[in-house]
Amino acid sequence: ICLKDMAGTMSPKEAEELFKGVKDAGVTLPLVLHTHCTTGMAYMTIMKAIESGVDIIDTATSCFSNGTSQPATESIYYALTQMGIETGLNEDVINQVNAFFKPVKQKYIDNKTINPKSMGTDAQALVSNMIANLTDMHAMDKFDAALAEIPAVRKDMGYPPLVTPLSQMVGNQAVTNVLVGQRYKNISKEIKSYLKGEYGIAPAPVNEEL
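Residues numbered from 1 in each chain as written. Predicted model: local features only at pLDDT ≥ 70, side-chain atom pairs only at ≥ 80, totals over all residues. Heavy atoms only, no water.

A.B. asks: Quick question: what am I supposed to make of the nonpolar core here?
C.D. replies: Here is a general trend for soluble globular proteins: nonpolar side chains tend to be buried in one another's company. If you look at the biggest cluster of nonpolar residues, it comprises 20 residues, and the most contacted ones within it are Leu134, Val153, Met157, Val170 and Tyr194. Those elements that provide at least two residues to this core are α5 (128–136), α6 (143–156), α7 (166–180) and α8 (189–195). Every residue in contact with Val153, bar those within four places of it in the chain, is listed here: Val170, Gln173, Ala174, Asn177, Arg183 and Tyr184. (Core = buried A, V, L, I, M, F, W, Y, C linked by side-chain atoms within 4.5 Å. Buried < 20%, exposed > 50% of the residue type's maximum accessible area, 1.4 Å probe, protein only. Helix = DSSP H or I, 4+ residues; strand = E, 2+ residues; numbered from the N terminus. Contact = heavy atoms within 4.5 Å.)

A.B. asks: Sorry if this is basic, but what is going on with α6 here?
C.D. replies: A turn of α-helix holds 3.6 residues, and therefore any two residues three or four places apart point the same way. Compared with the 20 Å implied by 1.5 Å per residue over 14 residues, the 20 Å span of α6 between its first and last C-alpha is a close match. Bending of α6 peaks at approximately 30° at the position of Ile150, with proline Pro151 no more than four residues after it. When α6 is considered as a whole, its buried residues turn out to be Phe143, Ala146, Leu147, Glu149, Ile150, Val153 and Asp156. Note on α6: the residue one or two positions beyond its end, Gly158, has a positive phi of about 85°. (Expected span 1.5 Å × (residues − 1). Bend = angle between axes of the 7 residues up to and from the residue.)

A.B. asks: Teacher, can you tell me more about the packing of aromatic side chains here?
C.D. replies: Ring pairs (aromatic) are described by centroid distance and by the angle formed between their planes. This structure, assessed with the given rule, holds three aromatic pairs. Each ring, one from Phe100 and one from Phe101, has its centre 5.0 Å from the other, and the planes form 90°; the classification is edge-to-face. Chaining the aromatic ring pairs together yields one cluster made of Phe64, Phe100 and Phe101. (Phe/Tyr/Trp six-rings, centres within 6.5 Å; stacked < 30°, edge-to-face > 60°.)

A.B. asks: Looking at this structure, I do not really get the side chain of Ser65. What am I missing?
C.D. replies: Of note, Ser65 is situated in the loop between β3 (56–57) and α3 (73–82). Here Ser65 falls in the buried class, since its relative accessible area comes to 10%. A distance of 3.3 Å separates a polar atom in the side chain of Ser65 from a polar atom in the side chain of Asn66. Ignoring any residue separated from it by four or fewer positions in sequence, one finds Ser65 in contact with Tyr43, Ala60, Gln70, Pro71 and Ala72. (Polar contact = N/O pair within 3.5 Å; in protein donor to acceptor, adjacent residues only side chain to side chain.)

A.B. asks: Looking at this structure, how should I read the packing of helix α2 (residues 42–51) against α3?
C.D. replies: Between two packed helices, both the angle of their axes relative to each other and the distance between the axes serve to describe the pair. Remark: α2 packs on α3, axes separated minimally by 12 Å, with the N-to-C direction vectors making an angle of 40°. The orientation of α2 relative to α3 falls into the category oblique. Note that α2 runs across α3; the crossing there is right-handed. Every residue of α3 that contacts α2 at Tyr43, Ile46, Met47 and Ile50 is listed here: Ser75, Ile76, Ala79 and Leu80. The class makeup of the residues in the contact of α2 with α3 is seven nonpolar, one polar and no charged. (Axes fitted to C-alpha atoms, helices over the stretch in contact; angles between N-to-C directions. Parallel < 35°, antiparallel > 145°, perpendicular 65-115°, else oblique. Left-handed = near helix turned anticlockwise from the far one by under 90°. Nonpolar A, V, L, I, M, F, W, Y, C, P; charged D, E, K, R; others polar.)

A.B. asks: Whenever I open this one, the side chain of Lys105 confuses me. Can you help?
C.D. replies: Structurally, Lys105 is set in helix α4 (residues 91–110). Glu74 is the oppositely charged side chain nearest to the buried, salt-bridge-free Lys105, at an N-O distance of 11 Å. Look past the residues within four positions of Lys105 in its chain and what remains in contact with it is Cys63, Phe64, Ile114 and Met119. (Lys, Arg positive; Asp, Glu negative; His and termini not counted. Salt bridge = Lys/Arg side-chain N within 4 Å of Asp/Glu carboxyl O.)

A.B. asks: Sorry, what's going on with unusual backbone geometry here?
C.D. replies: Apart from glycine, the bulk of residues carry a negative phi angle, and the bulk of peptide bonds sit in the trans form. Phi angles above zero are rare outside glycine, and Lys112 is one such case at about 70°. Along the chain, Lys112 falls in the loop between α4 and α5. Residue classification places Lys112 among the exposed residues on the basis of a relative accessible area of 68%. Within the chain, Tyr184 stands out as a residue other than glycine whose phi angle is a positive 65°. Positionally, Tyr184 belongs in the loop between α7 and α8. For Tyr184, a relative accessible area of 16% corresponds to the buried category.

A.B. asks: When you look at the pattern of salt bridges in this model, what are you seeing that I'm missing?
C.D. replies: Across all of its chains, the model carries seven salt bridges by this definition. Note that Lys48 is salt-bridged to Glu51, the shortest N-O span being 3.2 Å. Placement of both Lys48 and Glu51 in helix α2 is noted, with a separation of three residues, approximately one turn of the helix. On the basis of relative accessible area, Lys48 is assigned to the partly exposed category, the value being 25%.

A.B. asks: Before we go on, may I ask you to explain the sheet that holds strand β1 (residues 2–5) in this structure?
C.D. replies: Each strand in a sheet pairs with another by means of backbone hydrogen bonds, the pair being arranged parallel or else antiparallel. With respect to topology, three strands assemble into an open sheet ordered β1-β2-β3, the strand pairing being parallel. Of all the strands in the sheet, the pair left with one neighbour each is β1 and β3. In the sheet, strand β2 (residues 32–35) pairs with β3 via two bridges, with the strands oriented parallel. Paired with Val32 across the two strands is Ile56, which belongs to β3. (Pairing = 2+ DSSP bridges.)

It is worth stressing that arrangement in space is one thing and function is another; only the former is reported here.
Below, the structure written as structure tokens:
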């Protein structure tokens, strides 16, 4: 069973209560935690999840870790080794993997494939796709306004779960609203399909005007 915290908003306390609760309920299937560092809580959350019985965690080689990615494999490995927890990882190999990818990362930074904003910590999540869209449109000056529009669009759509493809749909509509200067003047065909029920039933009431 994989619990995917796509926005990196799961707190250490929530991880403890969730994984202990599932284990206490007698679930014997392996439990997986997939979280992101976007909000800065992932390292703490992962450690608390490990203490609470999670079986598998997702990490990323350190040069491609943090930001909207996962916690660094090496950092978690060193912490768990000190705690006496056997991971089965080979320290030399994971260091070789990171050394290989360092120049790859630099290439992507140099050619602007990777936006440095995506590599930072931001308590407000779900922005990586939006960054790409605004960069393509030469409209990064609208970033803060588009970020503020995301929760409004999500509320209007009945609070859909922010996981692919719905996270991109909400983000794209927020960007469109801001760039056009009028909310919902242009509505994507994906949002129209969502409103027709083609992506399932909205968890909460949808804005009637929308």
